[in-house]
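Topology and contacts: notes
The chain contents come next:
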Amino acid sequence: PPLQRLLLTGAAGGLGQVLRQRLRGLAPVLRVSDIAGMGAPQDAREEVNTCDLADKQAVDAMVAGCDAIVHLGGVSVERPFEEVLEANIKGIFHLYEAARRHGVKRIVFASSNHVIGFYQQSEKIDANARRRPDGYYGLSKSFGEDMASFYFDRYGIETVSIRIGSSFPEPKDRRMMHSWLSYDDLVQLVEKSLFTPNVGHTVVYGASANRDLWWDNHAAAHLGFVPKDSSEPWRAKVEAQPAPAANDPVAVYQGGAFTAQGPFGDT
Ligand code: NAI
Ligand code: 15L
């Protein structure tokens, strides 16, 4: 059945601002949510909801009345565990609990390459590779994928977990020549993740058709995701930057600099 009300979390963020524009029209009502300000509703088809994902009751109210969710909200970089715990770990539990209570059928979860960040850049992996999270942030996304798996097996709520590479207007460094996901390809992948039937819990890598990919999406072929863009037009610009040392984490690991952050706190 067609969607009635689509929820977009993280709507004030970098990707949220893009998808707020590009997903409107997929459902009669788009509800946008964030802890940060989002401005007024853009038109009569949009609802604006301010919510802290760490607040269970607020998340329940955010989800009520929605039949599908694109979940971008949360801490999006490496941070101390306590911050990641609130927004991402408690947050994803609150989201799935609310989805169960309110009969949400489909969730598109913004997972991350940092779930597998400790693979080396010389390795090529698929969705079945053992996860190797590269920090608390990556651990929280790994937990989110397990939450999605459990809520499908137990309650039949379907999820596509998109392990987004680097989704920005253009690739900013050598690593992103491999990991870049254009906004157009992101939009295509989110739409396919929302509307492909019988996805169960599918894990897909979110990268454009870059020349030297680390990630093989054969396990998600049923989504029919065919990226149209490539990082190649930026190669000369990116390779004009000074090259990192061969043993620099940005040149060794798929997760790049995230693998070398922390420890945080008193140590
Ligand atoms: P972003 O940091 O710009 O946006 C995240 C949004 O979540 C922000 O607007 C923030 O206010 C909101 N948020 C943070 N804590 C919250 C809380 N406790 N309650 C409610 N909202 C909260 O990040 P970006 O780049 O837009 O990424 C969106 C999603 O995609 C994130 O989940 C991120 O982890 C994921 N992702 C993004 C990648 C990228 O290349 N942009 C790569 C891999 C994953
Ligand atoms: C992510 O998960 C982050 O949200 C984003 O800001 C980038 O750092 C991206 O990964 C990346 O690995 O380039």
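Preceding block: the structure.
These numbers come from a predicted model, not from an experiment.

1. With respect to the packing of helix α1 (residues 14–22) against helix α6 (residues 183–195)
- Axis separation between α1 and α6 bottoms out at 11 Å; the angle between their running directions is 65°. Regarding α1 and α6, the two cross each other, and that crossing is right-handed. Residue-level contacts link Leu15, Val18, Leu19 and Arg22 of α1 to Tyr183, Asp184, Leu186, Val187 and Val190 of α6.
- Split into classes, the residues belonging to the contact of α1 with α6 amount to seven nonpolar, no polar and two charged.

2. Here's the deal with the site of ligand 2
- Lining the immediate surroundings of ligand 2 are Ser76, Ser112, Asn113, His114, Tyr137, Gly165, Ser166, Phe168, Arg175, Met176 and Phe258.
- Taking Asn113, its side chain carries an N or O atom lying 3.0 Å from an oxygen atom of ligand 2.
- Side-chain polar atom of Tyr137 to an oxygen atom of ligand 2: 2.6 Å apart, as the coordinates give it.
- Computed on the free molecule, ligand 2 has an accessible area of 320 Å², of which 82% lies beneath the protein chains in the complex.
- Grouping the amino acids of the shell around ligand 2 by side-chain chemistry returns four nonpolar, six polar and one charged.

3. Side note on the pattern of salt bridges
- Counted by the stated rule, this structure contains 19 salt bridges.
- Asp60 is the salt-bridge partner of Arg101, the closest N and O atoms lying 2.6 Å from each other. Placement of the pair is Arg101 in helix α3 (residues 81–102) and Asp60 in helix α2 (residues 56–63), with a sequence separation of 41 residues.
- Salt-bridge contacts for Asp212 lead to Arg211; the nearest nitrogen and oxygen are separated by 2.9 Å.
- With relative accessibility at 53%, the residue Arg211 sits in the exposed group.
- Each of Arg211, Asp212, Glu232, Arg235 and Glu239 takes part in salt bridges that share partners, so that together they form one network.

4. Details of the nonpolar core
- Of all hydrophobic cores here, the largest spans 30 residues; its most connected members are Leu6, Leu8, Leu19, Val70, Ile162 and Val190.
- For this core, the secondary structure elements donating two or more residues are β1 (5–9), α1, β2 (29–34), β4 (68–71), β5 (106–112), β7 (158–164) and α6.
- Broken down by element, the residue count for this core peaks at five residues, all from α6.
- Setting aside residues no more than four positions away along its own chain, Leu8 makes contact with Gly16, Leu19, Arg20, Leu23, Leu30, Arg31, Val32, Ser33, Val70 and Leu72.

5. Overview of α6
- Compared with the 18 Å implied by 1.5 Å per residue over 13 residues, the 18 Å span of α6 between its first and last C-alpha is a close match.
- The set of residues buried in α6 consists of Asp185, Leu186, Val187, Gln188, Leu189, Val190, Ser193 and Leu194.
- Tucked into the core, α6 has its buried residues touching β1, α1, β4, β5, β7 and β8 (201–206).

6. Observations concerning the side chain of Thr9
- You can see Thr9 is positioned in strand β1.
- A polar contact is formed between the side chain of Thr9 and the side chain of His71, at a distance of 2.7 Å.
- For Thr9, the contacting residues outside a window of four places in its chain are Ser33, Met62, Ile69, Val70, His71, Leu72, Gly73 and Leu95.

Criteria and cut-off values
Residues numbered from 1 in each chain as written. Chains lettered and ligands numbered in written order. Predicted model: local features only at pLDDT ≥ 70, side-chain atom pairs only at ≥ 80, totals over all residues. Heavy atoms only, no water. Axes fitted to C-alpha atoms, helices over the stretch in contact; angles between N-to-C directions. Helix = DSSP H or I, 4+ residues; strand = E, 2+ residues; numbered from the N terminus. Left-handed = near helix turned anticlockwise from the far one by under 90°. Contact = heavy atoms within 4.5 Å. Nonpolar A, V, L, I, M, F, W, Y, C, P; charged D, E, K, R; others polar. Near = heavy atom within 4 Å. Polar contact = N/O pair within 3.5 Å; in protein donor to acceptor, adjacent residues only side chain to side chain. Areas by Shrake-Rupley, 256 points an atom, 1.4 Å probe, with all protein chains shown as cover. Salt bridge = Lys/Arg side-chain N within 4 Å of Asp/Glu carboxyl O. Buried < 20%, exposed > 50% of the residue type's maximum accessible area, 1.4 Å probe, protein only. Core = buried A, V, L, I, M, F, W, Y, C linked by side-chain atoms within 4.5 Å. Expected span 1.5 Å × (residues − 1).

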